[in-house]
Structures are given as C-alpha cells and as structure tokens.
Amino acid sequence: MKQFLTLSDLPDLDQAVNEGLALKKDPYKWEALGNQKTLGMLFFNPSLRTRLSTQKAAQQLGIKTMIMNFSNEAWALEYEDGTQMSGLRSEHIREAAAVISQYCDVVAIRAFASLTDKQKDEQEIVLNSFIKFATIPVINMESATGHPLQALADAITLKEYQQKSRPKIVLTWAPHPKALPHAVGNSFVRMAQQLDANFVIAQPKGYELNPKITKNTPLTYNQEEAFEGADFVYAKNWCSYSEYGKILRTDDQWMVTDEKMKLTNNAKFMHCLPIRRNIVATDAVLDSPNSLVIEQAHNRTFAAQVVLKKILEHG
Ligand code: CP
C-alpha cells in the first residue's frame, strides 16, 4: 500500500480487519520491520487516541516517531502558489513537505475541516498539499472529510463482537453543543457499506451527510424505530452538511439513553471518543457492560499497525 488517505487505499477491508486481529494477539511479531524507519506525525488539531495509538503502533513495529504540533510549534504554512508571503505565514508547504521528507520515511497528518467553507474543506488542502510536495508516503490521521484509521478500528471492533451473521448496525446522530465535522460519520458509512450487515443511519431532518457518500444507505428520521432489533448502536454528532457548519438543534431528544438501548437486541454501544457524557449518551449507557468505547480506542493501535505495516511492506 503506497499511502492511506481513505479506506479505499486498503487492498481488502476484511483482510485488513483479520490482520488487525492477528496483530492484537501478537503485537510485536513484526518488530523488526520498522528498524531504522521514522514516522513523522503532524498535528494541526488536538488528539488523544490518534496520537498515542499511532505512536504505540509504530513502537510495536520498531518504528521511531517524531511528533510536531503545527498549531503552536511550527511555522504557519502557506499553501497558495505564486503568492507574495508578506503576511503571517512564514513557510511554504513546498519547503516544509520536502524538508520533512528528509527526516522521515512516512508522514501522518491530522487536519480537520474548518466548517466555514465547504468547497475548501472538500479540497483537503493540507492533506493534498503534503501528498503533492512530500516524497514519502502520507497517512490520514483525520482530515476534513474522513477518519479512515477510526473506521478501520471500528471494523475490527465490529468483527470482534459480532454474534450473528448480518447484524443490524445503526449509526445514530446524537446531540453536541459544538459544530463537529463529518469525517468520522463519513468514514464509518464508507466502512459499514462494505460489511454484510443491515446498516441504517438515524438522524434528524437537516443532518443528512454528503449524499455522494451515503448513496442508497437506508436512512430514518425516527431514532427509536432504528434502534429496534439493533445489534450495534454507533453514536456520533456532526453538524449540518447542507447548511454547512450549522447546529440545527440543541435539545436532548436524540441523546442515547438506557431506555432507548432497551429497544435493541441487547446492542453494543460504540462511539469514537471523546464523548460528552449526558449530552451524546448517558452515564448509564457509557458505563454499561455493553459499551465498547474503550475497546474501540484499544483497537486504534492495531488499525494503525495494519496501515503502517502495509506501507512499510510496500517499501
Ligand atoms: N477518535 C479520535 O480520533 O480520538 P482523538 O481525537 O483523541 O485522536
């Protein structure tokens, strides 16, 4: 695998999930693979899980890591070509990406959506500029429109906890006080569309994700109807896509509660974290034995390990 920008870079999702589960059983089996290799991790936004799990994955493959927070440590980058750089941006992406390529063998980048300009967000300017000007493989650690490392970890978790063929998986929108990006929702949809599952999206009107991504995935505006018979409930907030960046409602009617979980087939509860307790889901849901949120975070390590291993094997 040359790079990991979206899930479709994986040659085979099911094979990658099985490889993740094998790495979970024997995490240091490939420790020699990353000998004398360096992973650069560039963060334009905060992170707990992505940073630590990717670093842990690299360590388990024998890869050294270098980490930089671009929000407060690096020079502000200019992405426009031909511009006279008289403003606050001190370094052009052309030099920055080329220089990082001298120090690292692989570079991983986190750069969220602005949620103010849909067209610019969909251009993925940060990620695509690194792809253009770096001479090393690029990994997406959550971009404006996708979080494929999270989706791969979620696929691993779903396989681990699946108890029957063709389970019912519900991706439910849930409330949040801040406008959040669509990246996790988009990548979860892309992943779940590839599973042999009864997959449905539940959300209030106005919160439809990008139709180019959801395609013909079943959609309901009735959360309780969606929960009936569900085997997995995956909660996530995202802001409006059609009224880009807007929060359309702030009430708690779509919060995941114990009462709603009782409508399911004893469903497992999933969320990518971080989660706002008693806003997105209640304490009772999160503290229930059916909550998989910590196991999802654990599986982030093996998802990142699969991706790094495939990139190193490609050479
Ligand atoms: N789920 C996830 O990406 O977590 P972080 O934002 O903490 O990395």
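Calculation criteria
- As a convention, each chain's residues are numbered from 1 in the sequence order in which they are written.
- The model is predicted, so local features are restricted to residues of pLDDT at least 70 and side-chain atom pairs to those at 80 or more, both for listing and for counting; the totals for chains, interfaces and linings are taken over all residues.
- Only hydrogens and water are set aside; all other atoms, that is, all heavy atoms of the structure, feed into the side-chain values.
- A side-chain nitrogen of Lys or Arg and a carboxyl oxygen of Asp or Glu constitute a salt bridge if their distance falls within 4 Å.
- Every helix listed is a DSSP run of H or I at least four residues long, and every strand listed is a run of E at least two residues long, numbered separately from the N terminus.
- For the exposure calls, accessible area comes from a 1.4 Å probe over protein chains only, and a residue counts as buried if that area is under 20% of its type's maximum, exposed if over 50%, partly exposed in between.
- Axis definition: a line fitted to C-alpha atoms, over the contacting stretch in the case of helices. Angles run 0 to 180 degrees between N-to-C directions.
- Any angle that is under 35 degrees is reported as roughly parallel, and any over 145 degrees as roughly antiparallel; angles of 65 to 115 degrees are reported as roughly perpendicular and all others as oblique.
- With the far helix as reference, a near helix turned anticlockwise by less than a right angle produces a left-handed crossing, and one turned clockwise produces a right-handed crossing.
- Residues are treated as being in contact if the distance between any of their heavy atoms lies within 4.5 Å.
- When residue character is reported, Ala, Val, Leu, Ile, Met, Phe, Trp, Tyr, Cys and Pro are called nonpolar, Asp, Glu, Lys and Arg charged, and the others, Gly included, polar.
- Between any two strands, pairing holds if DSSP finds at least two bridges.
- For this analysis, a polar contact is any N or O atom pair within 3.5 Å, provided that within protein one partner can donate a hydrogen and the other can accept it, and provided that sequence-adjacent residues contribute only side-chain to side-chain pairs.
- An automatic or database domain assignment supplies the residue ranges for each domain.
- Computed with a 1.4 Å rolling probe, the buried area is the accessible surface lost when two parts are put together, summed over both parts.

Draft legend 1. Here's a closer look at the pattern of salt bridges. For the structure shown, the criterion picks out 14 salt bridges. With a shortest N-O distance of 3.3 Å, Asp196 and Arg166 are connected by a salt bridge. In this pair, Asp196 is assigned in the loop between helix H7 (183-192) and strand E8 (198-202) and Arg166 in the loop between helix H6 (148-161) and strand E7 (168-173), connecting sequence segments 30 residues apart. Note on Arg166: relative accessible area 46%, which makes it partly exposed. Among the ionic pairs, Asp283 bridges to Arg277, the shortest N-O distance being 3.0 Å. Note on Asp283: relative accessible area 31%, which makes it partly exposed.

Draft legend 2. Representation of the packing of helix H2 (residues 49-60) against helix H12 (residues 293-314) within the structure. Packing of H2 against H12 brings their axes to within 8 Å, and their N-to-C directions diverge by 50°. The orientation of H2 with respect to H12, classified from their angle, is oblique. Classified by chirality, the crossing of H12 by H2 is right-handed. Residues Arg49, Thr50, Ser53, Thr54, Lys56, Ala57, Ala58 and Gln60 of H2 lie in contact with H12, whose contacting residues are Ala297, Arg300, Thr301, Phe302, Ala304, Gln305 and Leu308. Class assignment for the residues of the contact of H2 with H12 results in six nonpolar, six polar and three charged.

Draft legend 3. Up close: the sheet that holds strand E2 (residues 64-69). One open sheet holds the four strands; their spatial order is E2-E1-E5-E6, and the pairing between them is parallel. Both outer strands of the open sheet, E2 and strand E6 (138-140), are each paired with one neighbouring strand and no more. Within the sheet, the average angular offset between the axes of one strand and its neighbour, ignoring direction, is 20°.

Draft legend 4. Fine view of the environment of Asp251. Mapping Asp251 onto the fold places it in the loop between strand E10 (232-236) and helix H10 (258-261). Residue Asp251 is classed as partly exposed on the basis of its relative accessible area, which comes to 28%. Along the backbone, Asp251 and Thr116 are 135 residues apart, and their C-alpha atoms lie at a distance of 23 Å. In terms of polar contacts, Asp251 uses its side chain to reach the side chain of Arg249, at 2.9 Å. Within the structure, the side chain of Asp251 is placed 2.9 Å from the backbone nitrogen of Gln253, a separation counted as a polar contact.

Draft legend 5. Spotlight on the domain arrangement of the chain. Along its sequence, the chain is carved into domain 1 (7-146 + 300-314) and domain 2 (150-296). One C-alpha centre belongs to domain 1, the other to domain 2, and the line joining them spans 26 Å. The interface is formed by 28 residues belonging to domain 1 together with 30 residues belonging to domain 2. Regarding the contact of domain 1 and domain 2, the summed buried area is about 2,200 Å², with carbon and sulfur atoms giving 64% of it. Our enumeration of links across domain 1 and domain 2 arrives at three salt bridges. A salt bridge links Glu295 to Lys24, with the shortest nitrogen-to-oxygen separation between them at 2.6 Å. Counting every contact that joins domain 1 to domain 2 gives 10 residue pairs in polar contact (both at pLDDT 80 or more). Looking at the side of domain 1 that touches domain 2, the elements that each hand over two or more residues are helix H1 (13-25), helix H4 (118-123) and H12. Sorting elements by how many residues they give to the side of domain 1 that touches domain 2 places H1 first, with eight residues. Considering only residue class, the side of domain 1 that touches domain 2 consists of 13 nonpolar, six polar and nine charged.

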